[in-house]
Amino acid sequence: MSDLDPLRIEAELERLGASIGRPVVVASVTASTNDDARRAASGGAPHGSAFLADAQTQGRGRSGHRWHSPAGENLYLSVVLRPKLAPQALPPLALVLGVCVARVVDEVLGSSATSSTRAGVKWPNDVLVDGKKLAGLLVETTLRGGTIDAVIAGIGLNVHAASFPEELAPRATSLHALGGRGLDRSSIAARLLAEIGHVARMFEAHGLGPFLAELEDRDVLRGVPLDVSGVSGTAAGIDPEGYLRVIGSDGTKHRIGSGSVTTHGPLGSPGARIRRGPGAGEAAG
Ligand SMILES: O=C(O)CCCC[C@@H]1SC[C@@H]2NC(=O)N[C@@H]21
């Protein structure tokens, strides 16, 4: 019996008092849940409609990468959001959703603020634990007449996977590999949806501000040498608009709005600031 069941997701959403996640549609196999959500959104699907699949045949990540989507293993979830925001206010949403996934991951793994398994956020759209990628976010937008018609928030979260294809194995992990037991995709999906409903409302009302301290704490790039968008330097935190701050090798300050990051050193660990004590880490920004 599959642990991905729309009736159980709905029951759990009710129990959690989630504001989104209805309707919830679960396919056994689909091309991409982001495509399912986008199609439904263009047909008028309401804010909060959720699309899941047990497997995807054309799961995709950012920059046209394939997203490993075998049956029975992981969570492939896309949500239709209809925020009343100007398109230019939208880019930090991926970071906010990253925080949301990280919170649920901490809950599922029982990680505290100082645990070694505390989930980190890697700008712009990854969730990592112990230096390996556990989840990725793909946020796509449809515009109508210059305003946002719908945002499709796609989340791939590795749940049961015990192994990965050779090319992913060194940098991917799953909740199971991290010691999570009794894992249940329906319950995790409902918790994610409940949290997304909450953070999406907060983001719509207040922008990135309420999430900045947590982002700073979960930021695994801070202090790490990297290349991004033609800039080589060291990551120096995330600014209030969601840009990545980079101090170039020549000392120039940069704000990066988008791009793929190539790191040249070990990633930082979330919660390190808390472990070092209040005030620590301020100098890095
Ligand atoms: O890390 C990334 O590049 C983003 C990966 C996003 C994968 C999810 S799985 C559910 C949804 N459907 C897709 O085709 N992609 C997203």
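Residues numbered from 1 in each chain as written. Predicted model: local features only at pLDDT ≥ 70, side-chain atom pairs only at ≥ 80, totals over all residues. Heavy atoms only, no water.

Visitor: Help me out: how do you make sense of the UniProt feature "domain: BPL/LPL catalytic" (unreviewed entry) in the chain in this one?
Guide: The sites that UniProt annotates as "domain: BPL/LPL catalytic" (unreviewed entry) are residues 19-204. Within the segment residues 19-204, helix and strand shares are 25% and 28% respectively, and the terminal C-alpha atoms sit 14 Å apart. (UniProt positions renumbered as here; feature names shortened; annotations may be inferred. Helix = DSSP H or I, 4+ residues; strand = E, 2+ residues; numbered from the N terminus.)

Visitor: I keep staring at empty space enclosed by the protein and nothing clicks. Help me out?
Guide: Rolled over the atoms, a probe as big as a water molecule pinpoints where empty space is left. A complete count under the given rule lists one cavity of 30 Å³ or more for this structure. Of the pockets and cavities examined, the largest cavity occupies roughly 60 Å³. Lining the largest cavity are His47, Leu81, Pro83, Leu85, Leu90, Leu93, Ala200, Phe203 and Glu204. In terms of residue count, helix α4 (residues 185-206) provides more of the lining of the largest cavity than any other element does, three residues in total. For the lining of the largest cavity, the class distribution of residues is seven nonpolar, one polar and one charged. (1 Å grid on protein atoms, 1.4 Å probe; cavity = no way out; pocket = protein on both sides within 12 Å on 5 of 7 lines; lining within 4 Å. Points joined across faces, edges and corners; volume = space filled by probe spheres on them. Nonpolar A, V, L, I, M, F, W, Y, C, P; charged D, E, K, R; others polar.)

Visitor: Any chance you could explain the layout of surface pockets here in plain terms?
Guide: Approximately 970 Å³ is the volume attributed to the largest pocket. Going through the elements one at a time, α2 (33-42), β3 (75-81), β5 (126-129), β6 (132-144) and β7 (147-157) are the ones with two or more residues in the lining of the largest pocket. For the lining of the largest pocket, the leading source of residues is β6, giving five residues. Of the residues assigned to the lining of the largest pocket, the class counts are 15 nonpolar, 19 polar and nine charged. Split by domain, the lining of the largest pocket shows at least three residues from each of two domains, domain 1 (6-207) and domain 2 (221-276). There is about 490 Å³ of room inside the second largest pocket. Elements with a contribution of two residues or more to the lining of the second largest pocket: α3 (93-109) and β6. (Domains from an automatic or database assignment.)

Visitor: Please explain the site of the ligand as it appears in this structure.
Guide: In the region of the ligand, 20 residues are neighbours, and Ser32, Gln56, Arg60, Arg62 and Lys133 sit closest. For the ligand, a nitrogen atom lies 3.2 Å from a polar atom in the side chain of threonine 33. Here a nitrogen atom of the ligand sits 2.7 Å away from a polar atom, N or O, in the main chain of arginine 60. The cavity where the ligand resides is the largest pocket. Elements that contribute at least two residues to the shell around the ligand include exactly α2, β3, β6 and β7. Take the shell around the ligand: its biggest share by element is four residues, from β6. Class assignment for the residues of the shell around the ligand results in six nonpolar, ten polar and four charged. (Near = heavy atom within 4 Å. Polar contact = N/O pair within 3.5 Å; in protein donor to acceptor, adjacent residues only side chain to side chain. Sits in = over half its atoms within 2 Å of the grid points.)

Visitor: Before we go on, may I ask you to explain α2 in this structure?
Guide: Two residues of an α-helix separated by three or four positions point the same way, owing to the 3.6 residues in each turn. If you check which residues of α2 are buried, you get Thr33, Asn34, Asp36, Ala37 and Ala41. Along α2, the residues classed as buried sweep out an arc of 160° about the axis, all on the same side. Exposed residues pointing more than 90 degrees away from the buried face of α2 are listed as Arg39 and Ser42. The N-terminus of α2 is capped by serine 32, whose side-chain oxygen sits 3.1 Å from the backbone nitrogen of asparagine 34. After α2 finishes, the residue glycine 44 shows a positive phi value of roughly 100°. (Buried < 20%, exposed > 50% of the residue type's maximum accessible area, 1.4 Å probe, protein only. Arc of directions from axis to C-beta.)

Visitor: Could you clarify how one ought to interpret the nonpolar core in this entry?
Guide: Nonpolar side chains tend to gather and get buried jointly when the protein is soluble and globular. Membership of the largest hydrophobic core comes to 64 residues, with the highest contact counts inside it found for Leu157 and Leu244. Counting residues per element, this core draws most heavily on α3, at eleven residues. The residues that make up this core include at least three from each of domain 1 (6-207) and domain 2 (221-276). Contacts of leucine 157, omitting those with residues within four sequence positions, involve Asn74, Leu75, Val105, Leu134, Ala135, Leu175, Ile188 and Leu192. Residues Ala37, Ala41, Phe51 and Ala150 belong to the second largest nonpolar core, which totals six residues. (Core = buried A, V, L, I, M, F, W, Y, C linked by side-chain atoms within 4.5 Å. Contact = heavy atoms within 4.5 Å.)

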